[in-house]
Amino acid sequence: MTLIWHIFRKDLRHAWMYAAIGFALLLVSAWNFSRLLAADRRGQFSLYSIQVPADALLLVAWGLLSGVLVLAERIPGVRQHWLARPVRWQDLLCAKALLLVLVAALPLISVHLSLVASRGFSLAEYALAVSWNALLMVLVCTLAIAVFASVSRNVQDLVLWTMVVGGAVFVSLALVFTGPRAYPDETRWVVNSAIVLVGVIGGIGILVWQYATRRTWPGRIAVVALCALLVSMDFWPASFWYAVRRAQSAQQVSGQIGVLSVYPENVRWTPNWLPGNRVGMGDKVGLALRVDGVPENWLIESNGWSNIELRTSSGDAPSINANDVHGSIKGKTFDVMFTFPYEFAERHRTDSLDITMTGEFAVYGPPETHSMKVDSEEFVPGLGRCRSAARTELLVDCQAVLQPAVRVVGFWGKATIFGCREDHAPLSRMPISFLGGGISATSSFDSKDIVFEVRKPLAYVQRRVEVRGLRWESVNR
Amino acid sequence: MIVTDGLRMKFGRHVVLNGLDLRVPRGSVYALIGSNGAGKTTTLQILMNLLRGHSGNASVFGVDSRRLGVREYARIGYVSEGQEMPDAMTVAEFLAYWRPFYPAWGEGRERELLDLFRLPLDRKLKHLSRGMRMKAALVSSLAYKPELIVLDEPFSGLDPLVRDEFVEGLLAYAEESTILISSHDLGEIESFASHVGFLDEGRMQFSEEMAVLAERFREVEVTVDGASLPSRVPESWVRVETSAALVRFVETRWEAGRTEKDVAEAFPSARGVEVRPMGLRSIFVTLAKAARKAA
């Protein structure tokens, strides 16, 4: 421990400037975020224009700090003064980690806890989660550069690695994020969490391995492989991420959720209505589905479909992917809509159809109803600290610590203010998340209270449905 | 103290070490000599576990060099040419940094070395001359009385005065250490090496005590009437050159009486034979040229 402390002090003398810049940026970010928390929604916009660059610069400063720390005893090469000296790699690595903890993680944890406390949230309740989140945030900000530095011979090498490999990963992820995603929105938090966790675990693994073995080329190959793995995760099939979500979520009631079945009498057929322009359009068939075992006041939400197989009695099997299937919530039943090419529908008008497919569902418990006065600020259980203001429109802003896993619908008289579901994920983020909504002034101004229905997820389940011998002539038109 | 057996190493297709066998006895000052690219630096780097050989064995203190750890490194002082130093540190900070890593570090000894080398404690390493940096590295490697000192081309680029000071400090403070030194500066090495190994193309051509080496190498000059070489000369003669009335060669296995007899047999008309001892530099040049010619 003495030697770890000794190396730590040497590193601090070497990298104090980066640490100081990081600390200053952290204070700016925290100060601005506290103003952001206190501001109304209109005032938040200008504060974000400070918050975003401050956070970006903080990320750069911490990235540089970690790079400088690793390069202080660079790993590739044979001419460094510290080689052939009685230095335990574990001590070296611990000293670097200790410095990052003391100059980045601890200040960040302190700042986050202060922000949480300043908004009146219970520290006893959130301290652990907020600290873990802040620690993860520092890891995300510093680990990539530290790993790149561990396979770099000098600063130029590090810049090249960061720009080429880091840039490629960033662009790939950005393209996936902005383009058509391979995974549904409901699994985004699972995918993102998995990417962060795999990145952190893989990064730590490579870093430790590099310090222990100093094998530069295998290390570089491992870095590229890890980056490729992280990018590829965005393209893994949705069924995998649904399985991860089921495995990682508390399954409080999955046993009592029954089978998924279809109501043939409620199957509807909607022919393509565009005359003379049927290319690219299609006929639509809607199935009414129902999941048994869901009590009346629960809510079940269809998230997505996979393993969809259709076969006509004449043996034709059109390819249907998940994007051709759309489900919607309707009480306890689902309308699932298939879109078929017009030619296919015409050709098999007299055939019968077999359909099998697997559905993913989120099951929410009974709603907890809470209300708050208009033009007030108060804690709403399960939702956080909410503030409402009625001017020419009604605005409601809620602040919650991290992101609670809830499904919220707000009502103001007959108007719905917002319906939003937030998923909790072990991701690095600011300690307090925002949830907000509003409506323009309507006749509902006579209502004094805003009512929230907050539901918590009880289970995520997968069910398979089979429809045999569905005749299209029998379908309601 | 140091043993390698059949050590092989290659960079890409280029074979650097081709079955190197090396024995460095405890208490010796072993000079590893050889031309550029002979594999000296690679050998030392494998011994220090900075590189890994492709095959063969290397051990230091009886420990496989790939497993050298804190315990062994605390007994080794390693200084190499072009070693990257923490430039932003002053000499004092540099020494203060390494002090706690070595239980045997003697602060009195450190002060004596600093006085001997006249190192400015408050000067940053990046502002020191090459020679001063090497001295700082040497101080940080001698202050704990290492059992083994490994020096890789330590004199390279140093002016004669600094070289002398360096050697002086080394000899004064490494009296109980084994020293393995690779160098081109054969004149300097000759003055204090007890053993010498000649490395050529990744193989040890010879390895023996300095005194034995000096004893068996002789430069021989034969005065003859009309110099012509006999059809066969002993294998131990290298660099055989002839001029009008002179034959010169280097006898690599000189023995009083035997060499004269061999000369008499090869040159019956010899009018005179002059035998001169050789310095390490001359021996090295002779061997290097002979090896190059054979290649």
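Just so it is clear, the model here is predicted, and its values are computed rather than measured.

## Some thoughts on the sheet that holds strand β5 (residues 63-64) of chain B
Residue and element names in this part refer to chain B.
Alright, step 1. One open sheet accounts for four strands, arranged β2-β1-β4-β5; its pairing is antiparallel. Two strands bound the open sheet, and with one partner strand each, they are β2 (14-24) and β5.
Alright, step 2. Taken together, the five bridges between strand β1 (residues 2-11) and strand β4 (residues 55-60) define a ladder with antiparallel strand orientation. Counterpart to D5 in the pairing with β4 is N57.
Alright, step 3. In the packing of helix α1 (residues 40-47) onto the sheet, the strands contacted are β1, β2 and β4, and the crossing angle to β2 comes to about 65°.

## Side note on the sheet that holds strand β3 (residues 29-33) of chain B
Residue and element names in this part refer to chain B.
Alright, step 1. If you walk across this open sheet you meet the six strands as β6-β7-β8-β3-β9-β10, and the pairing is mixed. If you trace the sheet from one side to the other, it starts and ends with β6 (76-80) and β10 (203-209), each paired once. In this sheet, neighbouring strand axes are inclined to one another by 10° on average, regardless of whether the strands run parallel or antiparallel.
Alright, step 2. Two elements, strand β9 (residues 195-200) and β10, share six bridges in a ladder whose sense is antiparallel. Each bridged residue has a counterpart across the sheet, and for V196 the counterpart in β10 is E208.
Alright, step 3. Strands in contact with α1 are β3, β7 (148-152), β8 (178-182) and β9; relative to β7, the strand with the most contacts, it is inclined by about 145°.
Alright, step 4. Packing against the sheet, helix α5 (residues 130-142) makes contact with β6 and β7, and its axis sits at approximately 170° to β6.

## Remarks on the interface of chain A and chain B
Alright, step 1. The interface is formed by 15 residues belonging to chain A together with 21 residues belonging to chain B.
Alright, step 2. For the side of chain A that touches chain B, the class distribution of residues is six nonpolar, five polar and four charged.

## A few points about the confidence of the model for chain B
Residues and elements named next belong to chain B.
Alright, step 1. In the predicted model, chain B carries a mean pLDDT of 87, and 99% of its residues have values of at least 70.
Alright, step 2. Confidence, expressed as mean pLDDT per element, reaches its minimum in chain B at helix α10 (residues 280-294) with 78 and its maximum at helix α3 (residues 91-98) with 96.
Alright, step 3. Interface scoring of the predicted complex returns ipTM 0.85; its pTM is 0.84.

## A few points about the pairing of β4 of chain B
Residues and elements named next belong to chain B.
Alright, step 1. Taken together, the two bridges between β4 and β5 define a ladder with antiparallel strand orientation. Following the sheet pairing, S59 is matched in β5 by D64.
Alright, step 2. Hairpin connection from β4 to β5: two residues lie between these consecutive antiparallel strands, with F61 at a positive phi of about 55°.

Criteria and thresholds
Residues numbered from 1 in each chain as written. Chains lettered and ligands numbered in written order. Predicted model: local features only at pLDDT ≥ 70, side-chain atom pairs only at ≥ 80, totals over all residues. Pairing = 2+ DSSP bridges. Helix = DSSP H or I, 4+ residues; strand = E, 2+ residues; numbered from the N terminus. Contact = placed C-beta atoms within 7 Å. Axes fitted to C-alpha atoms, helices over the stretch in contact; angles between N-to-C directions. Nonpolar A, V, L, I, M, F, W, Y, C, P; charged D, E, K, R; others polar. pLDDT = per-residue confidence, 0-100.

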